[in-house]
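Residue strings, one per chain:
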Amino acid sequence: MDIHGQASRIDARKSDLSGSAFDDVNLSGVSYENVNFSGGGYHRVTLSGSKFDDVNMSGCGFENVNMSGWSVNNANLSGTVVTDANLSGVSISDCRFDGMTIEGVDVGALLALWKEHKA
């Protein structure tokens, strides 16, 4: 099915739209529930103001992404690798740090040492 130059509302339920392509399409305000986006590719996509809840993003890769102003709560970031990133102004609290390293330095041990000298 081809949809070109249309301004229509689509209500798709229990459908297989795999392999579809969207180019220069306004999907703002669209709601997704129980949708499988695995293996998709996203290029020049704006997700600002979007909310993600109960989402599985394991194995995803982010490149050239603007995540400024993000809020991450109750997330499993184990095994995540961050390189060549601007982390200025990032605040981390109430998190587990076991096994976490920054530039090869064990963060848990570093924080324990800091707390010991702070007292």
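Sequence order as written defines the numbering, with residues in each chain counted from 1. Per-residue local features are limited, in this predicted model, to residues with pLDDT of at least 70; the limit for side-chain atom pairs, both in listing and counting, is 80 or more; totals at the level of whole chains, interfaces and linings are taken over all residues. With hydrogens and water set aside, each side-chain value is computed from the structure's full complement of heavy atoms.

### Section: the confidence of the model for the protein chain
- Scored from 0 to 100, pLDDT reflects the predictor's confidence in each residue. Per-residue pLDDT for the protein chain averages 91, and the proportion of residues at 70 or more is 100%.
- The element-level mean pLDDT for the protein chain is lowest in helix α1 (residues 107–118), coming to 92, with strand β2 (residues 105–106) highest at 95. Helix and strand labels come from DSSP, where a helix needs a run of H or I of at least four residues and a strand needs a run of E of at least two; each type is numbered from the N terminus.

### Let's talk about α1
- For a helix, the expected span equals 1.5 Å multiplied by the residue count minus one. Taking 1.5 Å as the rise per residue, α1 with twelve residues should run 16 Å; its terminal C-alpha atoms sit 16 Å apart, in good agreement.
- Think of a polar contact as two N or O atoms within 3.5 Å of one another; within protein, one of them needs to be a possible hydrogen donor and the other a possible acceptor, and neighboring residues in sequence only count if both atoms come from side chains. Between the side-chain oxygen at the start of α1 and the backbone nitrogen of glycine 108 there is a gap of 2.9 Å, and the oxygen is on aspartate 106.

### As for the pattern of salt bridges
- Salt bridge criterion: a side-chain nitrogen from Lys or Arg within 4 Å of a carboxyl oxygen from Asp or Glu. Enumeration according to the criterion identifies two salt bridges in this entry.
- A salt bridge links arginine 13 to aspartate 11, with the nearest nitrogen and oxygen atoms 3.0 Å apart.
- Accessible area is worked out with a 1.4 Å probe on protein chains only. A residue is then buried under 20% of its type maximum, exposed over 50%, and partly exposed in between. Arginine 13 gets classed as exposed once you look at its relative accessible area, which sits at 64%.
- We note a salt bridge from arginine 96 to aspartate 98, for which the minimum N-O separation is 2.8 Å.
- Residue class for arginine 96 comes out exposed when judged on its relative accessible area of 71%.

### A short note on the environment of methionine 1
- Summarising the element assignment, methionine 1 is placed in the segment before β1 (101–102).
- For methionine 1, a relative accessible area of 90% gives the class exposed.
- Along the sequence, methionine 1 and asparagine 34 sit 33 residues apart, while their C-alpha atoms lie 23 Å from each other.

### Points about unusual backbone geometry
- Unusually for a residue other than glycine, lysine 14 sits at a positive phi of about 45°.
- Tracing the backbone shows lysine 14 in the segment before β1.
- With a relative accessible area of 90%, lysine 14 lands in the exposed category.
- Backbone geometry at arginine 44 places phi at a positive 55°, although glycine is not the residue there.
- As for its position among the elements, arginine 44 is in the segment before β1.
- Taking the relative accessible area as the measure of exposure, arginine 44 reaches 78% and is therefore exposed.

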